[in-house]
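As a plain string of letters, each chain reads:
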Amino acid sequence: MLALVQRHRWFFLAFTVAGLALRAFFAAKFPQVTPDSLLYADLAKNWLAHGIYGQTDPTGIIPAYVRLPGYPAFLAAVFAIFGRDNFRAVLTLQVLIDMATCIILADTARRILKTDRAAQAAFALTAVCPFLANYSGAVLTETLEIFFTSLAIALACAGVETLRSKSIPARAIWMGCGASIGAATLLRPDGGILAAAIGGYVGILFLLRRRRAELVALLTLTLTVCACLVPWTLRNLRTFHRFQPLAPRYANTDEDFVPHGFNRWTKTWMADYVSTEELYWAEPGEEMDFDKLPERAFDSQQQFDATQQVFDDYNAHHEIDPDLDSRFAALAQERIHRSPLRYYVRLPLLRIADMWLRPRTELLPADPRWWEFDDVRSWSAVAVGFGVINLFYLAAALLGFARRALQHTGLLLLFMLLRTLFLGSLENPEPRYTLECYPVVILAAAASLKKRA
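### A few points about the overall build of the protein
Helix and strand counts for the protein come out as 19 helices and 2 strands. Along the three orthogonal principal directions, the C-alpha set of the protein runs to about 65 × 50 × 50 Å. Counting over 453 residues, the protein shows a buried share of 54%. The long-range share in the protein, meaning contacts at least 24 apart out of those at least 6 apart in sequence, stands at 74%. Here the protein has roughly 20,100 Å² of accessible surface; of this, 63% comes from carbon and sulfur atoms.

### Notes on the packing of helix α5 (residues 87-113) against helix α6 (residues 116-127)
Running from amino to carboxyl end, α5 crosses α6 at an angle of 155°, the nearest separation of the two axes being 7 Å. Classified by the interaxial angle, the pair formed by α5 and α6 is roughly antiparallel. Relative to α6, α5 is oriented so that their crossing is right-handed. Listed contacts from α6 to Thr-101, Cys-102, Ile-103, Leu-105, Ala-106, Ala-109, Arg-110 and Leu-113 of α5 are Ala-118, Ala-119, Ala-122, Phe-123, Thr-126 and Ala-127. Considered class by class, the residues forming the contact of α5 with α6 number 11 nonpolar, 2 polar and 1 charged.

### So, the pairing of strand β2 (residues 60-63)
Sheet analysis places strand β1 (residues 54-57) next to β2, joined by 4 bridges and oriented antiparallel. Within β2, the position partnered with Gln-55 by the bridge is Ile-62. Counting the residues that bridge the hairpin from β1 to β2 gives 2 residues.

### Some thoughts on unusual backbone geometry
The residue after Glu-283, namely Pro-284, is reached through a cis peptide bond having omega -5°. On the secondary structure map, Pro-284 appears in the loop between α13 (273-278) and α14 (301-317). The residue Phe-373 is not glycine, and still its phi comes out positive at about 50°. By secondary structure assignment, the location of Phe-373 is in the loop between α16 (340-357) and α17 (377-402). According to the relative accessible area criterion, Phe-373 is partly exposed, its value standing at 48%. Unusually for a residue other than glycine, His-408 sits at a positive phi of about 60°. Turning to its location among the elements, His-408 is positioned in the loop between α17 and α18 (409-424).

Calculation criteria
Residues numbered from 1 in each chain as written. Predicted model: local features only at pLDDT ≥ 70, side-chain atom pairs only at ≥ 80, totals over all residues. Heavy atoms only, no water. Helix = DSSP H or I, 4+ residues; strand = E, 2+ residues; numbered from the N terminus. Buried < 20%, exposed > 50% of the residue type's maximum accessible area, 1.4 Å probe, protein only. Contact = heavy atoms within 4.5 Å. Areas by Shrake-Rupley, 256 points an atom, 1.4 Å probe, with all protein chains shown as cover. Axes fitted to C-alpha atoms, helices over the stretch in contact; angles between N-to-C directions. Parallel < 35°, antiparallel > 145°, perpendicular 65-115°, else oblique. Left-handed = near helix turned anticlockwise from the far one by under 90°. Nonpolar A, V, L, I, M, F, W, Y, C, P; charged D, E, K, R; others polar. Pairing = 2+ DSSP bridges.

Structure (structure tokens):
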């Protein structure tokens, strides 16, 4: 990679400057410190100051397991060096980490596409990608998650190459891949999809070839991933007397009431991010606007009236109790019984399409209902522009896969397939959930720009 940079130093210098400028722009103009950011920071500061991984409560510091320790550990390290609540330092480091992702993807493209041009294309596409740059300006897990996802994919591709030429796999490579997956999983529980994809691919190779090398690689990978999760799991066993290797699906404690009926009901009609922002996030504590429900949320006038009554009862207290949740569950069951195909197939596909195709402006002031063009003209233009850029990346990736120039296509597609199917099962479609697939999108797009042999 160093030789590649030396051969094309002006190209890499230009796109490094462009990438840094783009990320600095988002970090300076649109920094994001969200409620999730403050929760991560609270965990980090309590861990740093008191040695307790817990949340601040009126009664003191309460040990917690609702968030994995990866991002709070990163914040704790930054706060220890640069000062408490120094979010500017956090964003600066994330900008640099995101630029490191550019290098990783360029090197991966060089390895699996075998040309300088492919590596240059991957570097440029990563450096100027506004979606990755935007999240480097947010105190959230995405930038680190994408970095470790890229690193895991790079090491997996290198590891698979060694399996072709050696009877004994390069254990250091597979340990590094497992450690990268472990780091991604300690940031977000869905990082475990990497383990399923890479481990599943190596497992398939073992079943096809029946060689010791694939088996050793699979065991090394699995044991390393598990080893990364052992300290967190043992801590939860000791502190809470429960087996909790990841974080709960709804980031809840045993004492928290989870409105499963409400969540299931939303999955009977939820198809887009707009509904997530306008309705799903309103619960609990805020008014839910019944008029924001789309027509697909009702199958009959009777169901319309029943849903409206449930909304009125919720808005009287802004909280879902077990009784109200059971009424949402009854509505959900009725709708699923009426059309199971809609619940299990059509709506998941619509949520998947929305997450992949909508303009990725959720961190910007642009109106989420961008297609209505009721926003400030400049922000409507930004939404359309981001949508076009997203379509360009996806179209280039499809062309790259179609050209069959990529090595390890099965591995890359398996990861994208498993992650996409998982996202379709969620009730709250958010475009950021597909960003972890963007390293693969960029590698495939680089293949579309590779000169034909």
